[in-house]
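Breakdown of the fold
So you can see what is in the structure, the chains are spelled out below.
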Amino acid sequence: MSVHIRYRFLKEKGHYLEDERMTRGYTVVEVDEPTPFHKVLKEFYKDFKGRAVQIVNIWRTPAGEANYRMEEEERLYGLN
C-alpha cells in the first residue's frame, strides 16, 4: 500500500507557476501495515523544513494500484 500527497508550494516557480493545475507528488510506501495519515503528514512537513505548501489531495492506494492511479491522473490533467 502507499499514501500519495499532491501538493503545490505557495511560492511556486517555473512551469508550476504558469499552470495552477500542475501539482507535485509525495509518496510513502507502506510495507506491513497502513501508516496513519497524521504520521505521514508529520514526515511530509518535516521533509520540507518549513517551506509553505498547499495540499491538493491525499489518498491511500492498495499495492499495485499506485502506478495506475498516477498515470490516470496525469492523463486526466494532460501532464504526460
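Above this note sits the structure.
Here we summarise the structure given alongside this text. A quick note: this is a predicted structure, and the numbers were derived from the prediction, not measured.

**Some remarks on the sheet that holds strand β2 (residues 24-29)**
Reading across the sheet, the 3 strands line up as β2-β1-β3 and stay open at both edges, with antiparallel pairing between neighbours. If you trace the sheet from one side to the other, it starts and ends with β2 and β3 (53-61), each paired once. Here the strands of the sheet are splayed against their neighbours by 20 degrees on average, with no regard to which way each runs. Strand direction decides the pairing type here: strand β1 (residues 2-9) and β2, joined by 6 bridges, are antiparallel. Pairing of Y7 across the sheet is with R24, part of β2. Against the sheet, helix α2 (residues 37-47) touches β1, β2 and β3, its axis set at about 140 degrees to β3.

Rules and cut-offs
- Residues numbered from 1 in each chain as written.
- Predicted model: local features only at pLDDT ≥ 70, side-chain atom pairs only at ≥ 80, totals over all residues.
- Heavy atoms only, no water.
- Pairing = 2+ DSSP bridges.
- Helix = DSSP H or I, 4+ residues; strand = E, 2+ residues; numbered from the N terminus.
- Axes fitted to C-alpha atoms, helices over the stretch in contact; angles between N-to-C directions.
- Contact = heavy atoms within 4.5 Å.

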